[in-house]
There are 2 protein chains.
Amino acid sequence: MKILIPDTIALHLQGDADAVVYDVTAEIPPEHRDAEVLVTWHNSREQLESAARSLPGLRLVQSLASGADVVLAAGFDQTVPVCSGRSLHDGPVAEHALALILSGIRRLDRLHDAQQQNRWDEDFIAAQSAPETQGLYTLAGSRVAIWGFGSIASRLAPMLQLLGADVRGIARSAGSRSGVEVVAEADAAGVLAETDVLVSLIPATPATADLFDRTVFGMLKPGAVFVNVGRGATVDEDALLDALASGGLRAAAIDVMKKEPLGADSPLWAAPNLVITPHVAGNRPVGGSELIDANVARLAAGEELVNQVRP
Amino acid sequence: MKILIPDTIALHLQGDADAVVYDVTAEIPPEHRDAEVLVTWHNSREQLESAARSLPGLRLVQSLASGADVVLAAGFDQTVPVCSGRSLHDGPVAEHALALILSGIRRLDRLHDAQQQNRWDEDFIAAQSAPETQGLYTLAGSRVAIWGFGSIASRLAPMLQLLGADVRGIARSAGSRSGVEVVAEADAAGVLAETDVLVSLIPATPATADLFDRTVFGMLKPGAVFVNVGRGATVDEDALLDALASGGLRAAAIDVMKKEPLGADSPLWAAPNLVITPHVAGNRPVGGSELIDANVARLAAGEELVNQVRP
């Protein structure tokens, strides 16, 4: 079985598969258009659209990204199974989320600005220890809400709890997961009103488009911190800018945006108290080779695939 | 028992104590010079020296700072017990250390620089996901050494372990503490050679002056990250600058310096890949009210005091 492997990551497949490394920025060479498996990582939309037209024997598209939305939009035949690399990013994304939360709470961005001015930030020092800011500069005793409570949240929540945070989840259905109380989205308002830090881990779907809008930011406890390591399509960016400008949000940190790469003319870059990282939370799949091996073996055996998102 | 409470922090004492809030920048008012307990937080040296002369019935000075050195130097009668707020800072300092470690690993400083230039940092994205940098941009699988293994390290180590780091300690005496293998300082070289992230939590003493010098930085695995939330006196800052300039250290983050506030003309501000925060790791005692309650009760009962540093 010929497997096309992207040149953007080191993979070491087992078994007797015929693995061919291809250039993710170019058309698939004619001699490899008989491939049955296409693995994707950091492919451009154009390259994927080209691949969708040129691989007639394709039996599996295995993305290493946590969301397969780019692959799903590329025009592959609807009958070809598409699998995501969802589970490969749980650890890295949870780590980046924690980094952004701590940066937002400890205001490393503001302190970095002061550093660039050779300035010892006495105003920050005074604000951090002032009686009226108790709880604002630490996760100890803070209330963190994680919207989208799947496998990444299950990694992140215990870290936040070790730091002393009171963690709750918001998801489509209520329940207790990994020892955390999760409320249904319909009941989010009550949680948001008490939330100091809101973390989004939700994927981009038609139902989640612009979920984080003026209404949701307005429900949040005034002065909350917002962190997005889910997908940019879920945020109304004008509403985010307004919430930061008004102080409704004290700070925010986003790893994802509606349009990536973010254009140089975007007003997001210079928004007050906003940290932007260039979609690097899960920029290093962990366990990719093993996932490909597993799905190739399952495909050959006619078994159910791991992380299948279509059909 | 009249207790003088500083106006620099919100405290809520229990029991029937007569708590009076005072201005830490002014002399104690004449009507409160009968106080038996003085609690201090962010008091000026002048104010403490004045208080030392004007409170004849004093039976306890309770500092909320981790070190009581400023109180000890203020001239209080040598027979009056002085207690520090040492334990109140373990959680906040561990949290700041984690924030600096994650910032150093995830290079939030570099990404913030790119943000200020409205620039999507493609070079960073490529480096982070390049096959040859596996392990450099994540704590998963990295080796972290904590030098100075007391109560703060015991809070920090489990957080690093949850992120997938292999944690070891370096301290005056070897042993296993909080489930972490701690080696003696004499055997540090072997640990340092394998260390990806070195975290210092050690205090300033004559024995630790300039401990982190060219020799120690030279023992570290090339390309390691250094984080200091201990005391600035422990670092040879010229050696730190050279290690950063040469790339011996990939990055560093320091919350403490030899001279604080750091002067505007310090070469540290603009050192490459160095993050500076203005001694804010433990700038907010947690549990101060409970410590005061406990020591007031012990004082009344004639019992041993918590965190007593004199006499």
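Residues numbered from 1 in each chain as written. Chains lettered and ligands numbered in written order. Predicted model: local features only at pLDDT ≥ 70, side-chain atom pairs only at ≥ 80, totals over all residues. Heavy atoms only, no water.

1. Topic: the nonpolar core
Condition: Among buried residues, the Ala, Val, Leu, Ile, Met, Phe, Trp, Tyr and Cys ones that are joined through side-chain atoms within 4.5 Å form a nonpolar core. Whether a residue is buried, partly exposed or exposed follows from its accessible area with a 1.4 Å probe, protein chains only, as a fraction of its type maximum: under 20%, in between, or over 50%, in that order. By definition, residues are in contact when any of their heavy atoms lie within 4.5 Å.
A:Ile146 and B:Ile146 are the most contacted members of the largest nonpolar core, which has 72 residues in total. When near neighbours in sequence (up to four residues on either side) are disregarded, B:Ile146 contacts B:Ala153, B:Leu156, B:Ala157, B:Leu160, B:Val167, B:Arg168, B:Gly169, B:Ile170, B:Val199 and B:Leu201. Residues A:Leu211, A:Ala252, A:Ala271 and B:Trp120 belong to the second largest nonpolar core, which totals 38 residues.

2. Structural notes on the interface of chain B and chain A
Accessible area lost upon the coming together of the parts serves often as the stated size of an interface. Defined as follows: Throughout, buried area stands for the accessible area (probe radius 1.4 Å) lost by two parts on being put together, summed over both. Salt bridges are defined as contacts in which a side-chain nitrogen from Lys or Arg sits within 4 Å of a carboxyl oxygen from Asp or Glu. Elements are defined by DSSP. Helices are runs of H or I of four residues or more, strands are runs of E of two residues or more, and each kind is numbered from the N terminus. Only Asp, Glu, Lys and Arg are considered charged, only Ala, Val, Leu, Ile, Met, Phe, Trp, Tyr, Cys and Pro nonpolar, and every remaining residue, Gly among them, polar.
Of the residues lining the interface, 62 residues belong to chain B; the matching set on chain A comes to 60 residues. Of the roughly 5,100 Å² buried between chain B and chain A on both sides combined, carbon and sulfur atoms contribute 60%. By the criterion of area lost to chain A, the three top residues of chain B are B:Glu95, B:Trp120 and B:Arg284, representing 17% of everything that side buries. At the boundary of chain B with chain A, the tally comes to two salt bridges. The dominant element in the side of chain B that touches chain A, judged by the number of residues it contributes, is helix α3 (residues 90–106) of chain B, at 10 residues. Classifying every residue of the side of chain B that touches chain A gives 35 nonpolar, 17 polar and 10 charged.

3. What to know about the sheet that holds strand β7 (residues 166–171) of chain A
Residue and element names in this part refer to chain A. Put simply, the rule reads: Strands were regarded as paired on the criterion that DSSP finds at least two bridges between them. An axis is simply a line fitted to the C-alpha atoms; with a helix, the fit covers only the stretch in contact. Between two such axes, the angle follows the N-to-C directions and lies from 0 to 180 degrees.
In spatial order, the strands read β8-β9-β7-β6-β10-β11-β12-β13; together these eight strands make up an open sheet with mixed pairing. At either margin of the open sheet sits one strand with a lone partner, and together these are β8 (175–177) and β13 (274–276). Within the sheet, the average angular offset between the axes of one strand and its neighbour, ignoring direction, is 20°. Where β8 meets strand β9 (residues 180–184), three bridges bridge the pair, whose relative direction is antiparallel. Paired with Arg177 across the strands is Val180, a residue of β9.

4. Concerning the relation of the copies chain B and chain A
Note the cut-off: Least-squares fitting of one copy onto the other uses the C-alpha atoms of those residues that reach a pLDDT of at least 70 in both copies.
Mapping chain B onto chain A leaves a residual RMSD of 1.6 Å; the transformation is a rotation of 175° accompanied by 0.2 Å of translation along its axis. One copy is carried onto the other by what is essentially a two-fold rotation axis. In this assembly, 97% of the residues forming the interface of chain B have copies in chain A that are likewise at the interface, indicating an isologous arrangement.

5. A word on the packing of aromatic side chains
To describe a pair of aromatic rings, you give the distance between the ring centres and the angle between the ring planes. Residues and elements named next belong to chain B. Basically, it comes down to this: Only rings of Phe, Tyr and Trp enter the pairing, Trp through its six-membered ring, and a pair is recorded when the two centres are within 6.5 Å. The plane angle decides the type: under 30 degrees is stacked, over 60 is edge-to-face, the rest tilted.
Following the criterion strictly, the structure yields eight aromatic pairs over all chains and no others. For the ring pair Phe217 and Phe226, a centre distance of 5.2 Å and an interplane angle of 80° mean the geometry is edge-to-face. When sorted by exposure, Phe217 lands in the same class as Phe226, which is buried.

6. Topic: the packing of helix α6 (residues 151–162) of chain A against helix α6 (residues 151–162) of chain B
Convention followed: Any angle from 65 to 115 degrees is called roughly perpendicular, while one under 35 is roughly parallel, one over 145 is roughly antiparallel, and all others are oblique.
Close contact between α6(A) and α6(B) brings their axes to 10 Å; oriented N to C, the two are set at 175°. It follows that α6(A) is roughly antiparallel to α6(B) by the angle criterion. Of the residues in α6(B), those in contact with A:Pro158, A:Met159 and A:Leu162 of α6(A) are B:Pro158, B:Met159 and B:Leu162. Here the residues of the contact of α6(A) with α6(B) are counted per class, giving six nonpolar, no polar and no charged.

7. Side note on the domain arrangement of chain A
Keep this limit in mind: For the purposes of this description, domain bounds are those given by an automatic or database domain assignment.
Per the domain assignment, the segments of chain A are domain 1 (2–88 + 285–310) and domain 2 (90–276). Taking only C-alpha atoms, the centre of domain 1 of chain A and the centre of domain 2 of chain A are 33 Å apart.

8. Topic: the pattern of salt bridges
Taken as a whole, this structure holds 26 salt bridges over all chains when the rule is applied. A salt bridge links B:Arg143 to B:Glu194, with the shortest nitrogen-to-oxygen separation between them at 2.5 Å. With B:Arg143 in strand β6 (residues 143–147) and B:Glu194 in the loop between α7 (188–192) and β10 (197–200), this pair connects stretches of sequence that are 51 residues apart. A cluster of three or more residues bridged by salt bridges with shared partners is formed by A:Arg143, A:Asp166, A:Arg168 and A:Glu194.

9. Some remarks on the packing of α3(B) against α6(B)
Residue and element names in this part refer to chain B. Spelled out, the test is: What makes a crossing left-handed is the near helix being turned counterclockwise from the far one by less than a right angle; a clockwise turn instead makes it right-handed.
At a minimum axis distance of 8 Å, the contact between α3 and α6 shows a crossing angle of 45°. By the angle class used here, α3 and α6 are oblique. The two elements α3 and α6 cross, and the hand of that crossing is right-handed. Judged by residue contacts, Asp90, Gly91, Val93, Ala94, Ala97, Leu98 and Ile101 of α3 engage Ser151, Ile152, Arg155, Leu156, Met159 and Leu160 from α6.

10. Here we look at the sheet that holds strand β9 (residues 180–184) of chain B
All names here are of chain B. With respect to topology, eight strands assemble into an open sheet ordered β8-β9-β7-β6-β10-β11-β12-β13, the strand pairing being mixed. Because the sheet does not close on itself, it has two edges, and the strands there are β8 (175–177) and β13 (274–276). Across the sheet, the mean angle separating the axes of adjacent strands is 20° when strand polarity is ignored. Packed onto the sheet, α6 meets β6, β7 (166–171), β9 and β10 and runs at close to 175° relative to β6.

11. Describing the side chain of A:Thr208
Residues and elements named next belong to chain A. The test is simple: N or O atoms closer than or at 3.5 Å make up a polar contact, with two conditions inside protein: a donor-capable atom paired with an acceptor-capable one, and, for residues adjacent in sequence, both atoms drawn from side chains.
Relative to the assigned elements, Thr208 resides in the loop between β10 (197–200) and α8 (214–219). Taking relative accessible area as the criterion, Thr208 reaches 12% and is therefore assigned buried. Among the polar contacts made by the side chain of Thr208, one reaches the main-chain amide nitrogen of Thr205 at a distance of 2.9 Å. Each residue touching Thr208, except ones within four places of it in the same chain, is listed here: Ile202, Pro203, Ala233 and Thr234.

12. Looking at unusual backbone geometry
All names here are of chain A. In this structure, Pro261 follows Glu260 across a cis peptide bond, with omega equal to -5°. With respect to the helices and strands, the residue Pro261 is situated in the loop between β12 (249–254) and β13. Residue Pro311 follows Arg310 across a cis peptide bond; omega there is -5°. Relative to the elements of secondary structure, Pro311 occurs in the segment after β14 (308–310). We note that Ser178 has phi near 50°; this positive angle belongs to a residue other than glycine. Locating Ser178 in the fold gives a position in the loop between β8 and β9.

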